[in-house]
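# Per-entry structural report
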Amino acid sequence: MNRIQAAKFLGRLITGPESPEDREQVNRRLRGAMPWELLVDVAGGNLITPALHTALSSLDEYKNLPEDLRTYLAYIHRLNRSRNEDVQSQVCEISRLFNQIGVEPVLLKGAANLFLDIYRDPADRIMHDVDVLVPKEKLSECTNILKENGYRGILKNFSFTEESPHFFILVSRERPVGVELHQYTLPKQYATIYTDRDLARESVRQSVADAVFRLPSPPYHLLHHVCHAHKHWKVYGGPAQNSLRFAVDFTLLCRFYGDQIDWIGIEKRFEAGKLRNALAAYLLATKELCGFGDPLARVGVSRAKERFLRGVFFLFRFHPVFGACKLFHEYRLSIKAMAADPAERIDFLKKLNRKEFYARQGQRLMGIFKKEHALKNLCDMDREGAEYGRD
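Keep in mind that what you see is a predicted model, and the values were worked out from it rather than measured.

### Some remarks on the pattern of salt bridges
Taken as a whole and assessed by the stated rule, the structure comprises 14 salt bridges. For D41, the salt bridge identified is with R3, shortest N-O distance 3.0 Å. Pair noted here: D41 is in helix α3 (residues 36-45) and R3 is in helix α1 (residues 3-15), with a separation of 38 residues, a long-range link. Residue classification places R3 among the partly exposed positions, given a relative accessible area of 35%. Two residues, R201 and D198, come together in a salt bridge whose shortest N-O distance is 2.9 Å. Here D198 and R201 lie together in helix α8 (residues 196-202), a separation of three residues that amounts to about one turn. For R201, a relative accessible area of 52% translates into the label exposed. A residue is classified by how much of its surface remains accessible, and D198, at 21% relative accessible area, is partly exposed. Sharing partners across several salt bridges, the network here consists of E24, R31 and E61.

### Some thoughts on the pairing of strand β6 (residues 204-208)
Looking at chain direction, β6 and strand β7 (residues 211-215) are connected through five bridges and run antiparallel. From the neighbouring strand, Q206 faces β7, where its bridge partner is F213. Taking the residues between adjacent antiparallel strands as the criterion, β6 and β7 are bridged by two residues, where A209 takes a positive phi near 50°.

### Remarks on the packing of α1 against helix α12 (residues 276-290)
At their nearest, the axes of α1 and α12 sit 6 Å apart, and the two run at 85° to each other. On the basis of their axis angle, the class for α1 and α12 is roughly perpendicular. Of the residues in α12, those touching α1 at A7, K8, G11, R12 and T15 are K287, E288, L289 and C290. Considering only residue class, the contact of α1 with α12 consists of three nonpolar, two polar and four charged.

### Regarding the confidence of the model for the protein
On average, residues of the protein carry a pLDDT of 76, and 70% of them reach 70 or more. Scored below 50 in pLDDT, residues 235-242 makes 26 contacts in the model with residues more than four places away or belonging to other chains. For the stretch residues 370-391, pLDDT sits under 50, and the model shows 55 contacts to residues farther than four places along the chain or on other chains.

### Notes on helix α11 (residues 263-272)
Buried within α11 are the following residues: W263, G265, I266, E267 and F270. Positive backbone phi, approximately 60°, marks K274, located one or two places after α11.

### Quick word on the layout of surface pockets
Unfilled space is identified by rolling a water-sized probe across the atoms. In this structure, the second largest pocket spans a volume of roughly 320 Å³. Lining the second largest pocket are 15 residues, with V134, P135, K136, Q183 and D196 sitting closest to its centre. Sorting elements by how many residues they give to the lining of the second largest pocket places α8 first, with three residues.

About the thresholds
- Residues numbered from 1 in each chain as written.
- Predicted model: local features only at pLDDT ≥ 70, side-chain atom pairs only at ≥ 80, totals over all residues.
- Heavy atoms only, no water.
- Salt bridge = Lys/Arg side-chain N within 4 Å of Asp/Glu carboxyl O.
- Helix = DSSP H or I, 4+ residues; strand = E, 2+ residues; numbered from the N terminus.
- Buried < 20%, exposed > 50% of the residue type's maximum accessible area, 1.4 Å probe, protein only.
- Pairing = 2+ DSSP bridges.
- Axes fitted to C-alpha atoms, helices over the stretch in contact; angles between N-to-C directions.
- Parallel < 35°, antiparallel > 145°, perpendicular 65-115°, else oblique.
- Contact = heavy atoms within 4.5 Å.
- Nonpolar A, V, L, I, M, F, W, Y, C, P; charged D, E, K, R; others polar.
- pLDDT = per-residue confidence, 0-100.
- 1 Å grid on protein atoms, 1.4 Å probe; cavity = no way out; pocket = protein on both sides within 12 Å on 5 of 7 lines; lining within 4 Å.
- Points joined across faces, edges and corners; volume = space filled by probe spheres on them.

Rendered as structure tokens:
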């Protein structure tokens, strides 16, 4: 199994299998020899390790998997569960602050997904930051009220202009993730596909813990997801940024919304923006990675067009899953700003070091978790993690 095959296996495992027959087929495969270090490495590179634990633990063969594997996956999953609960509390806190100045923020991307029932387990999604859309005329007030409540910028020389889609990330050492305030959801080149005014107007009002915020409606949620993936494709090095995690989120969103999605209408919007081929390429990548080909068929992409797109990908060494194992470019900023204390992180790695491989994987992911969440009760980690893995 190579890295592309590993990405495809993970994509199908995490977004399915749904039928009893498919589950039994996966169980049979797990009874054979599996390249677990490769699979864990690919999952870690795409920040889907907690989702891998959820998928595997739902299968009958989970109890027969290597103990080191179960311990590692269970522990990362448990850390992320605690962190995501804190992220949800943070979103409510931010929303209450904004409500005080008459703003109902629109949650975007992972923050919106976290308040929808799209994942098998709320702990499956590792969060980078909280993206929120606020009215352009209120951006300064929103920034100031966050700074008054302990947030700070992590970039010293950030040039913010009228054309900038978002303000620089604001972080607080008392909160688990940074906050990215958007005056636009995307660069203006995507305005022919949708406008932020329409996205905000069609958003759905939610009230949680005395906090009021809004979630994008189904069509605008999907439109923003694909456009955002396309932006990463262009800015951060081609389809390497069209990653497995993007495809997993997209597949789960499509299944969650089901018939609420007007695929013909979405196709027309991308055609008007001269990005129909980009939409087709993204849907093809999702089909390759997660086996989810329904949208590709609904937008009328022919077999010949599929073959053409595959040929273009391979001609330029841009397979839809080429580079799917890379970490996102932006993660370097938040991980650097919110990393755990180095001495305590080393202590964690020593206790995790059943195998050197899992220590390296832990090193890569542990920077995402703040020390007060990630480094509790480390002396009991081996015992508790093993017991958690057997549940």
